[in-house]
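# Tertiary structure, described
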Protein chains: 2
Amino acid sequence: MRKKESTEKIFSASLRVFATYGYKKTTVEDIARELNMTKGNLYLYVKDKEDLYRKTVEFALLRWQDYVRGAIEDKADPRDKFLIMCHKAVEYLSIDDDFRSILIHDPEIFPMFTDNDPYEKINNNSVNMIKKILKDGIAKGVFRPVGITAMSKAIFSIYKMFIIRMYIRSEESHVRSMFEQTLDLITNGLFKQ
Amino acid sequence: MRKKESTEKIFSASLRVFATYGYKKTTVEDIARELNMTKGNLYLYVKDKEDLYRKTVEFALLRWQDYVRGAIEDKADPRDKFLIMCHKAVEYLSIDDDFRSILIHDPEIFPMFTDNDPYEKINNNSVNMIKKILKDGIAKGVFRPVGITAMSKAIFSIYKMFIIRMYIRSEESHVRSMFEQTLDLITNGLFKQ
DNA sequence: TGAATATTTAAACAAATTATTCATTTATTT
DNA sequence: AAATAAATGAATAATTTGTTTAAATATTCA
């Protein structure tokens, strides 16, 4: 197993285990076992358990972002892009059990924009994706000329809040309909009439 | 909390936690926390962690047996009793997540009839329930005169096997239809024509 | 009430588990 | 075959966990 090729294997296995037991209850050996390797070898890839966890969460966030990006890249209309992005971001939770579980175990993965967000860099990918859509939409004259940076952060905050709420209390279907209504509110405030 | 009244609370909380994490990963403190009490206090009720686990499983098995017994006690026809018992025993897993989980974590809960079965006494409740039904059915002339003890054990073995199989590999719907077919086989071999 | 009894706590300790390191071995590349 | 990279497994340090215990608090009932 060459180093370059194996990192994906390592973090997807690690995600699986962390998602199952949570940070505290998974041992480094649990993950090594899942990978059919020894603990010692794992420490070639990460500094310590916390580093392993952080990199695992980053891996999970990137996979989620790839899914969303892939779903909108061929769309031309900024309004389409925006709506599909919002829906796909939430729908992804239905198809990735591990991602969903890790969000429930650790609500800090999606922190509000605080001073030291460990995942700031990666969350900025999402914010930048939104930024581009807004910019494009404004340029094409289909969005009102809103403040791009602040609005992007606000929108990201809203749907990450829904993502967490929706799956911590997934029984409550009214959360989903609230999401739809909020989305309607955002877009109808955003679109030109 | 008086001692007499609290044992049920203790073991149902304990069941919940053991079912969530499995024996190894749950700590005595996890259970104490769930009960809003300290570890030290728990040791007034049980000898050690293993004793806590054993009593918890016994509690779970008794709850399951009560459910089945309750469903058949008002039935008169031994054939009804038999069929309902078999179905209810399996269906119970759908309504008690903790029971189902603990079975998956610990397949030894339903051991085959080996020399030292820690739950022998409680599993015998089930066997005796079957025995009574068979005896009654034979007396009333609706069952063939089979060997009651051996047949009861055989029947219990069959449905406990299905219970475990069904929920370890619950995706596979063919397991359920196999159960129905096996039940059909048992009853049509058992009933007089 | 208040003495007797039952329940709960919190701290302490020993034993077990876990994270981490490292010298050595095995595999791969050049 | 030499050099480099990857993996091992055993050893150690740090932390967690199971269990005990003395002291505190609550409950019972004479």
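In short, a report on the structure. Keep in mind it's a predicted model, so treat the numbers as computed, not measured.

Glancing now at the overall build of chain A. Within chain A one finds nine helices and zero strands. Taken from N to C terminus, the helices and strands of chain A fall in the order α-α-α-α-α-α-α-α-α. Here chain A holds 193 residues, and the buried ones make up 44% of them. Entry remark: accessible area of chain A is about 10700 Å², with carbon and sulfur atoms responsible for 52%.

The next point concerns the interface of chain A and chain B. Taken together, the contacts link five residues of chain A with five residues of chain B. In total, chain A and chain B occlude about 340 Å² of area from one another, counting both sides; carbon and sulfur atoms represent 53% of this. When residues of chain A are sorted by the area they lose upon contact with chain B, Tyr-21, Lys-25 and Asp-30 of chain A head the list and together hold 98% of the total. Seen at the junction of chain A and chain B, the total is two salt bridges. Here Lys-25 of chain B makes a salt bridge to Asp-30 of chain A, at a shortest N to O gap of 2.4 Å.

Here the focus is the packing of helix α4 (residues 49–72) of chain B against helix α5 (residues 78–95) of chain B. Residue and element names in this part refer to chain B. Where α4 meets α5, the closest approach of the two axes is 9 Å, and the angle between their N-to-C directions is 140°. Comparing the axis directions of α4 and α5 gives the class oblique. The element α4 and its partner α5 pack so that their crossing is right-handed. Facing Arg-63, Trp-64, Tyr-67, Val-68, Ala-71 and Ile-72 of α4, the residues of α5 in contact are Lys-81, Ile-84, Met-85, Lys-88, Ala-89, Tyr-92 and Ile-95. A per-class count over the contact of α4 with α5 returns ten nonpolar, no polar and three charged.

Enumeration over the complete set of coordinates arrives at 15 aromatic pairs over all chains. Aromatic pair Phe-18 of chain A and Tyr-53 of chain A: ring centres 5.0 Å apart, planes at 85°, arrangement edge-to-face. Taken together, the residues Phe-18 of chain A in helix α1 (residues 3–25) and Tyr-53 of chain A in helix α4 (residues 49–72) connect sequence positions 35 residues apart. This pair shows no difference in class: Phe-18 of chain A is buried, exactly as Tyr-53 of chain A is. A centroid spacing of 5.5 Å and a plane angle of 65° characterise the contact between Tyr-92 of chain B and Phe-99 of chain B, whose relative ring orientation is edge-to-face. For the pair Tyr-92 of chain B and Phe-99 of chain B, one class covers both residues: buried. Each residue in the set Trp-64, Tyr-67, Tyr-92 and Phe-99 of chain A is aromatic and connected to the rest through ring pairs, giving one cluster. The ring of Tyr-21 of chain A carries Lys-25 of chain B above its face, with NZ or CZ at 4.5 Å from the centroid. The side chain of Lys-49 of chain B reaches across the aromatic face of Tyr-23 of chain B, ending 4.4 Å from its centre.

The next thing to look at is α5 of chain B. For an α-helix the count is 3.6 residues per turn, leaving residues at separations of three or four pointing the same way. All names here are of chain B. The terminal C-alpha atoms of α5, which comprises 18 residues, lie 25 Å apart, in line with the 26 Å expected from a rise of 1.5 Å per residue. A maximum bend of about 30° is found in α5 at Ala-89. Capping of α5 at its N-terminal end is provided by Asp-77; its side-chain oxygen lies 3.1 Å from the backbone amide nitrogen of Arg-79.

Below, the discussion takes up the environment of Asp-77 of chain A. Residue and element names in this part refer to chain A. Residue placement: Asp-77 occurs in the loop between α4 and α5 (78–95). Each C-alpha atom of the pair Asp-77 and Val-142 lies 8.8 Å from the other, and the pair is 65 residues apart in sequence. Of note is the side chain of Asp-77, whose polar atom sits 3.0 Å from the backbone nitrogen of Arg-79.

With an RMSD of 0.1 Å, the operation that places chain A on chain B is a rotation of 179° combined with a shift of 0.1 Å along the axis. Taken together, the rotation angle and the small translation identify this as a two-fold axis. The position closest to the rotation axis in chain A is occupied by the C-alpha of Lys-25 of chain A, lying 3.3 Å away. Mapped onto chain B, 100% of the interface residues of chain A are again interface residues, and the two copies thus contact each other with one and the same surface.

Cut-off values and rules
- Residues numbered from 1 in each chain as written.
- Chains lettered and ligands numbered in written order.
- Predicted model: local features only at pLDDT ≥ 70, side-chain atom pairs only at ≥ 80, totals over all residues.
- Heavy atoms only, no water.
- Helix = DSSP H or I, 4+ residues; strand = E, 2+ residues; numbered from the N terminus.
- Buried < 20%, exposed > 50% of the residue type's maximum accessible area, 1.4 Å probe, protein only.
- Areas by Shrake-Rupley, 256 points an atom, 1.4 Å probe, with all protein chains shown as cover.
- Contact = heavy atoms within 4.5 Å.
- Buried area = accessible area lost by both parts, 1.4 Å probe.
- Salt bridge = Lys/Arg side-chain N within 4 Å of Asp/Glu carboxyl O.
- Axes fitted to C-alpha atoms, helices over the stretch in contact; angles between N-to-C directions.
- Parallel < 35°, antiparallel > 145°, perpendicular 65-115°, else oblique.
- Left-handed = near helix turned anticlockwise from the far one by under 90°.
- Nonpolar A, V, L, I, M, F, W, Y, C, P; charged D, E, K, R; others polar.
- Phe/Tyr/Trp six-rings, centres within 6.5 Å; stacked < 30°, edge-to-face > 60°.
- Lys NZ or Arg CZ within 6 Å of the ring centre and 35° of its normal.
- Expected span 1.5 Å × (residues − 1).
- Bend = angle between axes of the 7 residues up to and from the residue.
- Polar contact = N/O pair within 3.5 Å; in protein donor to acceptor, adjacent residues only side chain to side chain.
- Least-squares fit on C-alpha atoms with pLDDT ≥ 70 in both.

Everything listed here is a matter of coordinates, which is why it stays silent on function.
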